[in-house]
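Fold and geometry: a report
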Amino acid sequence: MPEGKALVLFWTKNGNTEKVARRIFDTLQKAGMDVSISRINKELEVEYLDYNLIFLGAPVYENLSPKPVLNFLHRNRRRDGVELIPSAPEVPGVAAVPYCTYGGGHTGYNEAEPMLKHIGQYLEHEGIRVVDYLAVVGVFPEADESYNTDGRFGEIRQKPDEHDLIEVEGRVRGYLHQLHRVLPLGDLKL
Ligand SMILES: Cc1cc2nc3c(=O)[nH]c(=O)nc-3n(C[C@H](O)[C@H](O)[C@H](O)COP(=O)(O)O)c2cc1C
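Note that the coordinates shown come from a computational prediction; the quantities given were computed from them, not determined experimentally. (Residues numbered from 1 in each chain as written. Predicted model: local features only at pLDDT ≥ 70, side-chain atom pairs only at ≥ 80, totals over all residues. Heavy atoms only, no water.)

We now examine the site of the ligand. Near the ligand there are 21 residues, and of these Thr-12, Thr-17, Gly-104, Glu-111 and Val-139 occur at the shortest range. A distance of 2.7 Å separates an oxygen atom of the ligand from a polar backbone atom of Val-60. Relative to its free-state accessible area of 640 Å², the ligand is covered by the protein chains to the extent of 89%. Contributions of two or more residues to the shell around the ligand are made by helix H1 (16–30) and strand E4 (95–102). (Near = heavy atom within 4 Å. Polar contact = N/O pair within 3.5 Å; in protein donor to acceptor, adjacent residues only side chain to side chain. Areas by Shrake-Rupley, 256 points an atom, 1.4 Å probe, with all protein chains shown as cover. Helix = DSSP H or I, 4+ residues; strand = E, 2+ residues; numbered from the N terminus.)

Spelled out as structure tokens, the structure:
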């Protein structure tokens, strides 16, 4: 079983999700974990069970993940040695947090939830415990300006800003405090 290992996966087009991914990475590293970070692309293959804590994130596109992420999730289900077993018995020593950035201009948080749960299902199918979901508001640069000023979250043109990223840091540290007794997260500096 791995010990003290974390993985941050992300896909981004305009950089919002990468900002969040890098802050998650920095927070885990500062806490003393052995962290890797990878951008999802056509070739990426990952063995989730080589890690103790996994963050998998992307922007919300039409209520779900963008195509490259959907393709990755689907492709990465079938790997050598991975069996999908009825009842998805939990694998000890590993947990995950799906995360996203999103504009939420129409219906707010409801736009993030289906995508987060969808990613979560891919992980839970393999027995990976999903401990939380993390949604961070980000500017929608391609949209009409009004989506970034008059949507459900109001003024979001600078988001995610430093305040949002400090909140991400706090959430990640919270997961480490929550999980360090039940997962082999290594010798953490908390
Ligand atoms: C094609 C497209 C579709 C989008 N669909 C949604 C959506 O359904 N709901 C939402 O809240 N935001 C939506 N957004 C906004 C993005 O989720 C948001 O801008 C995100 O932070 C972009 O992340 P990135 O900078 O990492 O690419 C969409 C953006 C694009 C480009």
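Once the structure has been displayed, the description carries forward.
This part takes up the environment of Ile-156. Considering the arrangement of structural elements, one finds Ile-156 in the loop between strand E6 (134–137) and helix H4 (162–179). Considering only alpha carbons, one finds Ile-156 and Val-139, 17 residues apart in sequence, at a separation of 5.5 Å. Apart from residues no more than four positions distant in its own chain, Ile-156 is found in contact with Gly-103, Val-137, Gly-138, Val-139, Tyr-147 and Asn-148. (Contact = heavy atoms within 4.5 Å.)

Think of two packed helices as two axes; the pair is described by the angle between the axes and how far apart they sit. Across the interface, H1 lies against H4 with an axial gap of 9 Å and an inter-helix angle of 45 degrees. Of the possible angle classes, the one that applies to H1 and H4 is oblique. Viewed along their axes, H1 and H4 form a crossing whose handedness is right-handed. Facing Lys-19, Val-20, Arg-23, Ile-24, Thr-27, Leu-28 and Lys-30 of H1, the residues of H4 in contact are Glu-162, Leu-165, Ile-166, Val-168, Glu-169, Val-172, Arg-173 and Leu-176. Among the residues making up the contact of H1 with H4, the classes are represented as 8 nonpolar, 1 polar and 6 charged. (Axes fitted to C-alpha atoms, helices over the stretch in contact; angles between N-to-C directions. Parallel < 35°, antiparallel > 145°, perpendicular 65-115°, else oblique. Left-handed = near helix turned anticlockwise from the far one by under 90°. Nonpolar A, V, L, I, M, F, W, Y, C, P; charged D, E, K, R; others polar.)

So, about the packing of aromatic side chains. Evaluation of the coordinates by the stated rule reveals 4 aromatic pairs. Between Trp-11 and Tyr-61 the ring centres are 5.9 Å apart and the planes differ by 90 degrees, which places this aromatic pair in the edge-to-face class. Placement of Trp-11 in the loop between strand E1 (5–10) and H1 and of Tyr-61 in the loop between strand E3 (53–59) and helix H2 (67–75) is noted, with a sequence separation of 50 residues between them. A centroid spacing of 6.3 Å and a plane angle of 55 degrees characterise the contact between Phe-140 and Tyr-147, whose relative ring orientation is tilted. The class for Phe-140 is partly exposed, based on a relative accessible area of 41%. For Tyr-147, a relative accessible area of 29% corresponds to the partly exposed category. A cation sits over an aromatic face here: Lys-117 above Tyr-133, 5.2 Å from the ring centre. (Phe/Tyr/Trp six-rings, centres within 6.5 Å; stacked < 30°, edge-to-face > 60°. Buried < 20%, exposed > 50% of the residue type's maximum accessible area, 1.4 Å probe, protein only. Lys NZ or Arg CZ within 6 Å of the ring centre and 35° of its normal.)

Taking 1.5 Å per residue, 13 residues should reach 18 Å; helix H3 (residues 113–125) reaches 18 Å between its end C-alpha atoms and fits that length. Among the residues of H3, those classed as buried are Met-115, Leu-116, Ile-119, Gly-120 and Leu-123. Buried residues along H3 cover an arc of 135 degrees about the axis, so they all sit on one side. Those residues of H3 that are buried lie in contact with E3, H2, E4, strand E5 (129–130) and E6. Phi turns positive one or two residues past the end of H3, at Gly-127, with a value near 85 degrees. (Expected span 1.5 Å × (residues − 1). Arc of directions from axis to C-beta.)

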